[in-house]
Amino acid sequence: MIDLDIKTEEDAARFMDLLLLADPSPAMVLDYLAEGTLYSARWDDVVVGVFVLVPLDDAKWELKNIAVAEEWQGKGVGRALLSAAIEEARKVGGKRLDVGTGNSSLDQLAFYQKAGFRMQRIATNYFTLNYKEPIFENGIQCRDMVVLSLEL
Ligand SMILES: CC(C)(COP(=O)(O)OP(=O)(O)OC[C@H]1O[C@@H](n2cnc3c(N)ncnc32)[C@H](O)[C@@H]1OP(=O)(O)O)[C@@H](O)C(=O)NCCC(=O)NCCS
């Protein structure tokens, strides 16, 4: 696991394909990269996954993006990355880790809850207000953000 501080668009471009798997808006990705830290997992120098942690306040952190390269998905890399993100948030003094996902992101809702995250609130219309293009998954329009939290 390597900790990288990615602040420039040039640096971010190296990880953008992966980051866009979790978030279709490059503008939104660049916004939170400026505030947070990108961590990458590598196998033989190939980046297989990333996550981004952003501080909300002294005690609260947000997992803004977690993505595993398509050919590596379903092999436990995501679970390992999520554990690493939780561990890292604890290490920097976080007491709670939040993550937001779409109402249509059924697999991701399972993924986070299996790791112990609990549903906290719904940000109604978050995706319709913040994303230009409509997003569909599992035949459902992604309109609302489900915020899940884990006490650390
Ligand atoms: C979500 C994601 C990070 C999961 O990573 P992964 O390496 O594929 O997941 P893992 O193999 O570690 O699986 C972890 C758990 O999630 C479950 N899971 C993962 N993908 C799943 C899927 N498509 N359907 C159902 N369950 C799934 C697994 O069953 C596993 O559960 P288990 O611990 O009981 O075995 C990965 O699929 C991904 O990058 N998706 C695209 C980007 C994205 O959607 N990011 C999240 C944005 S909110």
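Above this text is the structure in question.
Predicted model only: the values in this text are computed from it and were never measured. (Residues numbered from 1 in each chain as written. Predicted model: local features only at pLDDT ≥ 70, side-chain atom pairs only at ≥ 80, totals over all residues. Heavy atoms only, no water.)

*Asks:* Talk me through the packing of aromatic side chains; I want residue IDs and the actual numbers.
*Replies:* Counted under the stated rule, the structure contains six aromatic pairs. Both rings, one in Phe-127 and one in Tyr-131, keep their centres 5.4 Å apart while their planes meet at 35°; by these two values the pair is tilted. (Phe/Tyr/Trp six-rings, centres within 6.5 Å; stacked < 30°, edge-to-face > 60°.)

*Asks:* Go over the layout of surface pockets, please, and point to the residues and values.
*Replies:* Of the pockets and cavities examined, the largest pocket occupies roughly 1,200 Å³. Lining the largest pocket are 44 residues; nearest its centre among them are Ala-22, Ile-66, Gln-108, Phe-111 and Tyr-112. Contributing elements (two or more residues each) for the lining of the largest pocket: helix H2 (16-22), helix H3 (26-35), strand E4 (60-68), helix H4 (77-91), strand E5 (96-102), helix H5 (106-114), helix H6 (126-130) and strand E7 (136-137). For the lining of the largest pocket, the element with the most residues is E4, which contributes seven residues. Considered class by class, the residues forming the lining of the largest pocket number 24 nonpolar, eleven polar and nine charged. Lining the second largest pocket, in full, are Pro-24, Ser-25, Pro-26, Ala-27, Met-28, Asn-130, Tyr-131, Lys-132, Glu-133, Pro-134 and Ile-135. Take the lining of the second largest pocket: its biggest share by element is three residues, from H3. (1 Å grid on protein atoms, 1.4 Å probe; cavity = no way out; pocket = protein on both sides within 12 Å on 5 of 7 lines; lining within 4 Å. Points joined across faces, edges and corners; volume = space filled by probe spheres on them. Helix = DSSP H or I, 4+ residues; strand = E, 2+ residues; numbered from the N terminus. Nonpolar A, V, L, I, M, F, W, Y, C, P; charged D, E, K, R; others polar.)

*Asks:* How would you summarise the pairing of strand E2 (residues 37-43) if you had to cite specific residues and measurements?
*Replies:* Successive side chains on a regular strand alternate, one facing one side of the sheet and the next facing the other. Most of E2 sits out of view: five of its seven residues are buried. Pairing geometry for E2 and strand E3 (residues 46-55), over seven bridges, is antiparallel. Each bridged residue has a counterpart across the sheet, and for Leu-38 the counterpart in E3 is Val-52. Where E2 hands over to E3, the hairpin turn is made up of two residues, of which Asp-44 adopts a positive phi near 50°. (Buried < 20%, exposed > 50% of the residue type's maximum accessible area, 1.4 Å probe, protein only. Pairing = 2+ DSSP bridges.)

*Asks:* Please set out the side chain of Thr-101 residue by residue, giving values where relevant.
*Replies:* Among the structural elements, Thr-101 can be located in strand E5. For Thr-101, a relative accessible area of 7% gives the class buried. The contact partners of Thr-101, leaving out residues within four places of it in the chain, are Gln-108, Leu-109, Tyr-112, Phe-127, Asp-144, Met-145, Val-146 and Leu-148. (Contact = heavy atoms within 4.5 Å.)

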